[in-house]
Amino acid sequence: MTSDGGPLLTVRGLTRAGIDIPDFDLAAGEAMAVLGPSGSGKSLFLRALADLDENEGDIQLGREARDAMGAPDWRRRVTYVAAESGWWAETVAPHYADWNAAAPLATRLGLTRETGDWQISRLSTGERQRLALVRALIQMPDVLLLDEPTSGLDGETEQAVEEILVERLAGGAAILFSTHDEDQASRLAKRCLRFAGGGKAEIVSCR
Amino acid sequence: MPLITLDYWDIAIAALLLLVNAGLSIWMQLGLARDTLIAAARMVVQLGLIGLVLKLLFATVSPWLTALFALAMVLFAGREAMARQERRLAGWWGYGVGTTAMLAAAAIVTIFALTTQVQPDPWYNPRYAIPMLGMILGNTMTGVALGLHTLTSTAVREKAAIEARLALGHPRKAALRHVAAGALRTALMPIVNAMAATGLVALPGMMTGQILSGVDPVEAVKYQTLIMFLIAGGTGFGALTAVLAGAWRITDKRHRLRLDRLAAKRG
């Protein structure tokens, strides 16, 4: 996190196959929405920032260059949460360094402490989505890259997610999130990165 | 106890069984007759040729000819191991990873056995070296092929889980651990099962061969036990090398999952 008032995330010359992204900065406490039709490059963009696919660009967190940092360190601080969550153990709790520490946050999203013992195979898509978000949030990353974080959630849970995101922004994090919901975009963000066809994106003010 | 030698008539009579099978297949319209006969013909030609080559090898006891023959066996095994994988590594890696792992594992285990336990004179005597390499290689090949096949197909299936871990900042080693461990378990399952069932369900081929050629059963059992240990060692070492190298290749130094380094699915 920067204390000198400079941007938290600096993106220059980000290039990867399939998308064309303008340079931009993101300040601490700022959210930017990523809009565009399905398949227009929103996920490719977020994955490239997390360095999950091959890409090039001069990306900085505060004053630290991404390329000077190990990839696992980078992703702990700039964390991508996919639209389709992934699970590697049979029950919920082993996916967290400390489920007891994660439980309060999960509870705010309509889950319970007992959820830790549940079988992954029996979770609904919405439950998985919320649990995957909690998994990233408890690591306290500086920048969150959220791929459709509330698609498929009901109104009440969506609101709970947004409240948590607003708290994180107030705490000095920055958030990039993709969404199909223009209202959500303008609720959380002032600037929007809008993808048109052909993977070309431009920064506009939301609404 | 002298070896009862077979003349060609004995073999021809046994081949009648195959003709009966083929006849049944035609009668029941199973469509197996042609494949069965071709496979049998291949077997006769291949074994006949190998018999002649081995006779020449055993007569000359040349280290170079022995090494050349052993290398050819490894190269064929590499091709076979590659053919058994549904999603193999693209390019030369598909052949190279499995073949190198087998070459290293089988060579080390065979040379270890020849120089410290069996100790023929000279140590590379092909009468010992080639059959032992064959047995070790055959099983190591199964292990390597199963390990690589399981590694790549699981990585494709579990892409979301692996990438979720990478995205949370887990290093590639941790993110692939459950996939690699599963691949190794699968690779070693046949040899572990074979050791557990040996003697109860089936008498191993080598032991049976020695007993038929007049060797005392206790001596044959000692040889078979040694061979099983060598096979288990070779399979474990080969599969471990291949799976770790494969896991390394399907990730990169920025800890990304690189499924683009797998060849397209066949068929």
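Anything mentioned here points back to the structure above.
Since this is a predicted model, take the numbers as computed values, not measurements.

S.K.: What am I meant to see in the nonpolar core here?
M.R.: Nonpolar side chains tend to gather and get buried jointly when the protein is soluble and globular. By size, the foremost hydrophobic cluster in this structure holds 80 residues, and its most contacted members are Leu9, Ile21, Phe45, Leu49, Leu145 and Leu176 of chain A. No other element matches helix α5 (residues 126-157) of chain B, which puts 12 residues into this core.

S.K.: Sorry if this is basic, but what is going on with helix α9 (residues 205-212) of chain B here?
M.R.: Two residues of an α-helix separated by three or four positions point the same way, owing to the 3.6 residues in each turn. All names here are of chain B. Taken together, the buried positions of α9 are Met206, Met207 and Gln210. One side of α9 carries all its buried residues, which in axial view fall inside an arc of 100°. Looking at α9, the residues exposed on the side facing more than 90 degrees away from the buried face are Gly205 and Leu212. The positive-phi residue at the C-terminal boundary of α9 is Gly214, with phi of around 100°.

S.K.: So what exactly am I meant to see when it comes to the side chain of His170 of chain B here?
M.R.: The topology assignment puts His170 of chain B in the loop between α6 (159-167) and α7 (172-175). Residue classification places His170 of chain B among the buried residues on the basis of a relative accessible area of 16%. Contact partners of His170 of chain B, with chain neighbours within four places excluded, come to Arg76 and Trp88 of chain A together with Arg165 of chain B.

S.K.: Which parts of the structure should I look at to understand the state of the cysteines?
M.R.: Two cysteines form a disulfide when their sulfur atoms are joined by a covalent bond. All names here are of chain A. In total, this model carries one disulfide over all chains according to the counting rule given. Between the sulfur of Cys192 and that of Cys206 lies a disulfide, 2.0 Å long from S to S. Where Cys192 bonds to Cys206 through sulfur, the torsion about that S-S bond is close to 110°, and the disulfide is right-handed. Taken together, the residues Cys192 in strand β10 (residues 191-195) and Cys206 in the segment after β11 (201-205) connect sequence positions 14 residues apart. The residues Cys192 and Cys206 share a single accessibility class, namely buried.

S.K.: Would you mind showing me how to read the interface of chain B and chain A here?
M.R.: Size of an interface: often given as the accessible area lost when the parts come together. On the chain A side, the residues contacting the 17 residues of chain B number 24 residues. The junction of chain B with chain A conceals about 1700 Å² of combined surface from both sides, 51% of it contributed by carbon and sulfur atoms. When the buried area of chain B at its contact with chain A is split by residue, Leu168, Arg254 and Arg256 of chain B rank highest and sum to 40% of it. In this structure, Asp51 of chain A engages Arg256 of chain B in a salt bridge whose closest nitrogen and oxygen atoms are separated by 2.6 Å. The element best represented in the side of chain B that touches chain A is α6 of chain B, accounting for eight residues.

S.K.: What should I look at first to understand the packing of helix α2 (residues 33-60) of chain B against helix α3 (residues 63-83) of chain B in this one?
M.R.: Each pair of packed helices gets described by two things: the angle between the helix axes and the distance between those axes. All names here are of chain B. Contact geometry for α2 and α3: axes closest at 9 Å, N-to-C directions at 150°. Considering their axes alone, α2 and α3 lie roughly antiparallel with respect to each other. Pair α2 / α3 crosses with left-handed handedness. Along its contact with α2, which presents Ile50, Val53, Leu54, Leu57 and Thr60, the element α3 presents Leu65, Thr66 and Phe69. Taken together, the residues that form the contact of α2 with α3 break down as six nonpolar, two polar and no charged.

Thresholds, definitions, all that
Residues numbered from 1 in each chain as written. Chains lettered and ligands numbered in written order. Predicted model: local features only at pLDDT ≥ 70, side-chain atom pairs only at ≥ 80, totals over all residues. Heavy atoms only, no water. Core = buried A, V, L, I, M, F, W, Y, C linked by side-chain atoms within 4.5 Å. Buried < 20%, exposed > 50% of the residue type's maximum accessible area, 1.4 Å probe, protein only. Helix = DSSP H or I, 4+ residues; strand = E, 2+ residues; numbered from the N terminus. Arc of directions from axis to C-beta. Contact = heavy atoms within 4.5 Å. Disulfide = S-S within 2.5 Å. Buried area = accessible area lost by both parts, 1.4 Å probe. Salt bridge = Lys/Arg side-chain N within 4 Å of Asp/Glu carboxyl O. Axes fitted to C-alpha atoms, helices over the stretch in contact; angles between N-to-C directions. Parallel < 35°, antiparallel > 145°, perpendicular 65-115°, else oblique. Left-handed = near helix turned anticlockwise from the far one by under 90°. Nonpolar A, V, L, I, M, F, W, Y, C, P; charged D, E, K, R; others polar.

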